[in-house]
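Spelled out from the first residue to the last, the chains are:
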Amino acid sequence: MTEALERAVVPPVSDADPFAHEVLLDPEPLHRALREAGPVVYLSRYDVHALARYEQVHAALVDWQRFESGSGVGLANFRHEKPWRPPSLLLEADPPRHDAPRRVLREILAPPALVRLRTAWAGVAEELVDQVLAEGTEFDAFAALAQAFPLRAFPDAVGLGPDGREHLLPYGNMAFNAFGPRNDLVAADAHRVAELSAWVNAQCAREALSEDGFGARIWAAADRGDLTYEQAPLVVRSLLTAGVDTTVHGLAACLYAFATHPGEWQRLRQRPESARSAFDEAVRWQSPVQTFFRTATTDVTLAGTVVPAGTKILMFLGAANRDPDRWHEPDRFDLTRDPSGHVGFGMGVHQCIGQHVARLEAEALLTALARRVERIELAGTPHRHPNNTLRSWASLPVRVHGA
Amino acid sequence: MVVTSAVADAGPGVGPGLMVSAKEHVAEGVVSLTLTHPGGARLPDWTPGSHIDLVLPWGSPRSSAAESGGGTTRQYSLCGDRWDAHTYRIAVLREAAGRGGSAQVHDRLRPGDRVGVGGPRNHFPLVPSEKYLFIAGGIGITPLLPMVRQAELLGADWQLLYGGRTRASMAFREELTAAYGERVHVVPQDELGLLDLVAWLGTPRSDTKVYCCGPAPLLAAVEAVCADWPPYALRTERFTAAAQSAPVREEPFEVELRRTGRTVTVTQEMSVLEAVRRAGADVLSSCEQGTCGTCLTPVLEGRPDHRDSVLSDHERAANDCMFLCVSRSCGDRLVLDL
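Because the structure is predicted, anything quoted here is derived from the model rather than measured.

**Observations regarding the overall build of chain B**
Phase 1: Along the backbone of chain B there are ten helices and 18 strands.
Phase 2: Out of the 338 residues in chain B, the part that is buried amounts to 48%.
Phase 3: For chain B, restricting intrachain contacts to residue pairs at least 6 apart in sequence, the fraction spanning at least 24 positions comes to 68%.

Right, here's the structure in full:
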């Protein structure tokens, strides 16, 4: 113990605020500074250790034994603070309680189980793209495509009823803000917490869900005893919280990438079968989910720095995904790159369980677009929307030229 | 002998295979093996009830022709501690009437040897319950060992009924009784006779899940006594020889990329994923341990040697998709939709 302390490294200290508006809107300068400062940086403003290099972020993500999620994956430490809602059984849980919900949802969202959605979503995407193009060649690709497509495809797949779906995006925005500090972004949502939560919770009930969607399959798992009936609605809630905004901003990142990299769009058009890889490269390049926290279960030494038991670490997924020690020319959106191993979906036992669903949505939309659009370019300045966790968008004005 | 290094290299998901770092006698006819990564890396995560494919470096004298070309593959439940991410532990009973795999573990395998490992996979997961009754027969204690620890952690009300031929033949008996006291009921047959299943299971209960692992007659008896229990209350694990003795091929095989129009040879030093990437195919991967599902690819022809942790038996038998990062080929040729 004494010896370990003597050799312990005092990490560089930063008083930067990763949740300040200007940083959320343009996080790369801070990411660069944190990566360069060291493998572990102490953020004095929030009393947390931060990781911005790929090696440490990856190591912390896979190490569920020493970096737990059950104390919350935001700044709030559930050991001392009451969570704003009943914690997620997936995101905010650890083995062994995490095992059963994870297993059930993994089987429901595994690639073999998604086969029949592929054809259906290809049709939804073609119909949407035809509609949008019929209305004109200049439009807001964020609203018209990145938002519209997942909202048509995903709630149907879950089995939601037709009413109230407009609550999904504000709920997600609120939930992802809640992982940050209680800043103005959280305050701005405060008046809607009760209303949005009530709607989402009501959708998780068995009778609110169609008989053939992901939601019904979660309840069927409870019938088999693979989950308890108390767990089933919370697992449905995970789909509704984590499955919409993330995909919306991931698709927007993809469309933004192509609108600003015409050569890459041509590459995609020549090889539409690379759409899934292209989506992952966009996820690496933009990292729609920017950050998550963990809590040390014991004193953990990371690159010489001791992270004390019970304290939080902040993992910058976006910074890791552009670490020059891991990626060649990391700031380039490059379809010839192999993005495998990026941490945009996390890594380890909490790795995004819906990633195959997201890729399928991206594949459907990009394939439909590539068939009809020869060129896509910005038609104005795109605007970001600040969120404590998500790299989100407000608008993405584009002009397209038909094929 | 010559296949030793070849099979070790073919260890899927964990690079150059795992090393036997310890071998201990734990009961009459039972040895436990501790496996670690030779480079000290974390091993793929697992949950109680999981098993691994253990690929021994020697061919099997009493096995099918399909197996004889490579090593001997057997399934063993993980019985160690999942909070230790760097080791796997299994326990192996010498099966006098077996096909030779367990005898190799007992007689030939030594600390420092390399073995191939597939999985882990879990077909026997611990589902949530207020109460559990665990029933082990002999070496069937192995998957239940991490389960009782987990049940204890979860604060569940549980009992373990553990039968065996003789006290001396019952592995982990002492550590179980020392750790859990009266929850553990040890029933050596030579002293106390067969397990009194009717007394334990005669009255169906809706708040209890029954987990049973052991020899076929025990499973059959438990199933019979539990006939009136609610559906899904009883969960059993049986190791049948036919289950998944994955042939391990040391010869190279060809993979045709149907859409790309190329064919590539996969040698034992490389994964299918590496080979098809060299041939210019765009294949996305993530964990490269057969656990995340990212590189799942449709198979058009041929029979994959499935070595992942995800696909169910049903999905594996369909042979219409495979994990390129860890799975290989049973035959000379695979055709992929790439």
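**Quick word on the sheet that holds strand E10 (residues 373–378) of chain A**
All names here are of chain A.
Phase 1: Strand order across the open sheet formed by three strands is E5-E13-E10, with antiparallel pairing between neighbours. Two strands in the sheet have a free side with no partner beyond their single neighbour: strand E5 (138–140) and E10. Strand-to-strand twist of the sheet, defined as the mean angle between neighbouring strand axes without regard to direction, takes the value 30 degrees.
Phase 2: In this structure, E10 lies alongside strand E13 (residues 397–402), joined through five bridges in antiparallel fashion. When the bridges of E13 are listed, Ile 376 appears paired with Val 400.
Phase 3: On top of the sheet, helix H13 (residues 245–260) reaches E10 and E13; it is set at about 95 degrees to E10, its chief contact.

**Some details on the sheet that holds strand E8 (residues 157–164) of chain B**
Strands pair in a sheet through their backbones, by hydrogen bonds, and they do so in one of two ways: parallel or antiparallel.
Residues and elements named next belong to chain B.
Phase 1: Spatial ordering of the open sheet is given by E9-E8-E7-E10-E11, a layout of five strands whose pairing is parallel. What marks the edges here is a single partner per strand, and that holds for strand E9 (184–188) and strand E11 (234–237). Pairs of neighbouring strands in the sheet enclose a mean axial angle of 15 degrees, with direction left out of account.
Phase 2: Bridge count between E8 and E9: five bridges; the pairing is parallel. If you follow Gly 163 over to E9, its bridge partner there is Val 187.
Phase 3: Set on the sheet, helix H4 (residues 141–153) makes contact with strand E7 (131–137), E8, strand E10 (208–213) and E11; between it and E7 the angle comes to about 155 degrees.
Phase 4: Packing against the sheet, helix H8 (residues 216–225) makes contact with E7, E10 and E11, and its axis sits at approximately 170 degrees to E11.

**Some remarks on the pairing of strand E5 (residues 87–93) of chain B**
All names here are of chain B.
Phase 1: In terms of residue burial, E5 counts as a mostly covered element, since six of its seven residues are buried.
Phase 2: In terms of strand pairing, strand E2 (residues 30–36) meets E5 through seven bridges, oriented antiparallel. Note that in E5 the partner of Leu 35 across the bridge is Tyr 88.

**Considering H4(B)**
Working note: α-helix, 3.6 residues per turn, so residues spaced by three or four point in the same direction.
All names here are of chain B.
Phase 1: The end-to-end C-alpha distance of H4, which contains 13 residues, comes to 18 Å, matching closely the 18 Å that a straight helix rising 1.5 Å per residue would cover.
Phase 2: Along H4, ten of the 13 residues are buried, which leaves the element largely enclosed by surrounding structure.
Phase 3: If you check which residues of H4 are buried, you get Ile 141, Thr 142, Pro 143, Leu 144, Leu 145, Pro 146, Met 147, Val 148, Gln 150 and Ala 151.
Phase 4: In the segment just after H4, Gly 155 is the residue with positive phi, at about 75 degrees.

**Thoughts on helix H17 (residues 355–372) of chain A**
Phase 1: Helix length check: H17(A) (18 residues) gives 26 Å between terminal C-alpha atoms against 26 Å at 1.5 Å per residue, within 8%.
Phase 2: Counting buried positions over the 18 residues of H17(A) gives 15, a clear majority of the element.

**Thoughts on the packing of helix H6 (residues 111–135) of chain A against H17(A)**
Residues and elements named next belong to chain A.
Phase 1: With their axes 8 Å apart at the nearest point, H6 and H17 run at an angle of 35 degrees to one another. For the element pair H6 and H17, the recorded crossing hand is right-handed. In contact with Pro 111, Leu 114, Leu 117, Arg 118, Trp 121, Ala 122, Val 124, Ala 125, Glu 126, Val 129 and Leu 133 of H6, H17 contributes His 356, Val 357, Leu 360, Glu 361, Ala 364, Leu 365, Thr 367, Ala 368, Leu 369 and Arg 372.
Phase 2: Along the lines of polarity and charge, the residues of the contact of H6 with H17 split into 15 nonpolar, two polar and four charged.

**Points about the domain arrangement of chain B**
Note: interface size is frequently given as the accessible area lost on complex formation between the parts.
Residues and elements named next belong to chain B.
Phase 1: Domain annotation of chain B identifies domain 1 (12–120), domain 2 (131–238) and domain 3 (253–336).
Phase 2: Here the C-alpha centroids of domain 1 and domain 3 sit 24 Å apart.
Phase 3: In this complex, domain 1 contributes seven residues to the contact, which on the side of domain 3 involves six residues.
Phase 4: Considering every element that reaches the side of domain 1 that touches domain 3, the biggest residue donor is strand E6 (residues 114–122), with three residues.
Phase 5: Of the residues that constitute the side of domain 1 that touches domain 3, the class distribution is three nonpolar, three polar and one charged.

Conventions we followed
- Residues numbered from 1 in each chain as written.
- Chains lettered and ligands numbered in written order.
- Predicted model: local features only at pLDDT ≥ 70, side-chain atom pairs only at ≥ 80, totals over all residues.
- Helix = DSSP H or I, 4+ residues; strand = E, 2+ residues; numbered from the N terminus.
- Buried ≥ 20, exposed ≤ 12 C-beta atoms within 10 Å, placed from the backbone.
- Contact = placed C-beta atoms within 7 Å.
- Pairing = 2+ DSSP bridges.
- Axes fitted to C-alpha atoms, helices over the stretch in contact; angles between N-to-C directions.
- Expected span 1.5 Å × (residues − 1).
- Left-handed = near helix turned anticlockwise from the far one by under 90°.
- Nonpolar A, V, L, I, M, F, W, Y, C, P; charged D, E, K, R; others polar.
- Domains from an automatic or database assignment.

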